[in-house]
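Summary of the model geometry
As a plain string of letters, each chain reads:
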Amino acid sequence: MLFLVAALLLLGVVLGTVAHAPLSFTVVAAVVIGVWLAVFAVRERQGRRRETSG
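Here is a short report on the structure shown in this document.

Basis of the calculations
Residues numbered from 1 in each chain as written. Predicted model: local features only at pLDDT ≥ 70, side-chain atom pairs only at ≥ 80, totals over all residues. Heavy atoms only, no water. Helix = DSSP H or I, 4+ residues; strand = E, 2+ residues; numbered from the N terminus. Buried < 20%, exposed > 50% of the residue type's maximum accessible area, 1.4 Å probe, protein only. Areas by Shrake-Rupley, 256 points an atom, 1.4 Å probe, with all protein chains shown as cover. Expected span 1.5 Å × (residues − 1). Patch = residues over 30% accessible without salt bridge, like charges linked within 9 Å, V, L, I, M, F, W, Y side chains within 5 Å. Salt bridge = Lys/Arg side-chain N within 4 Å of Asp/Glu carboxyl O.

1. Brief notes about the overall build of the protein chain
A count of helical and extended segments in the protein chain gives two helices and zero strands. Expressed as a percentage of the 54 residues in the protein chain, the buried residues total 13%. With an accessible surface of roughly 4800 Å², the protein chain has 71% of that area assigned to carbon and sulfur atoms.

2. A look at helix 1 (residues 2-15)
If you check helix 1, its first and last C-alpha atoms are 20 Å apart, about what 14 residues at 1.5 Å a residue would give, namely 20 Å. Phi for Gly 16, located one or two positions after helix 1, is positive at around 100°.

3. Focus on a nonpolar patch on the surface
Nonpolar side chains collect at one region of the surface, where Leu 23, Val 27, Val 31, Val 35 and Val 39 lie side by side and expose about 460 Å² of accessible area between them. Take Leu 23: it is sitting in helix 2 (residues 23-53). Leu 23 gets classed as exposed once you look at its relative accessible area, which sits at 68%.

4. A few points about the environment of Gly 34
Mapping Gly 34 onto the fold places it in helix 2. Given the relative accessible area of 9%, Gly 34 is considered buried. Sequence separation of Gly 34 and Phe 3 is 31 residues, and the distance between their C-alpha atoms is 9.6 Å.

Given below as structure tokens:
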């Protein structure tokens, strides 16, 4: 999933959408999105474990 975030960020840079934003902002945004996706993945995994064990 983090590969998807990196691919989308690279695509944004290539297309020029992210190119107008400062690099520090882009990195912070990528980290925030990555953390959000990681939290989502952990919560989904925990939810599925509860369903199968219950």
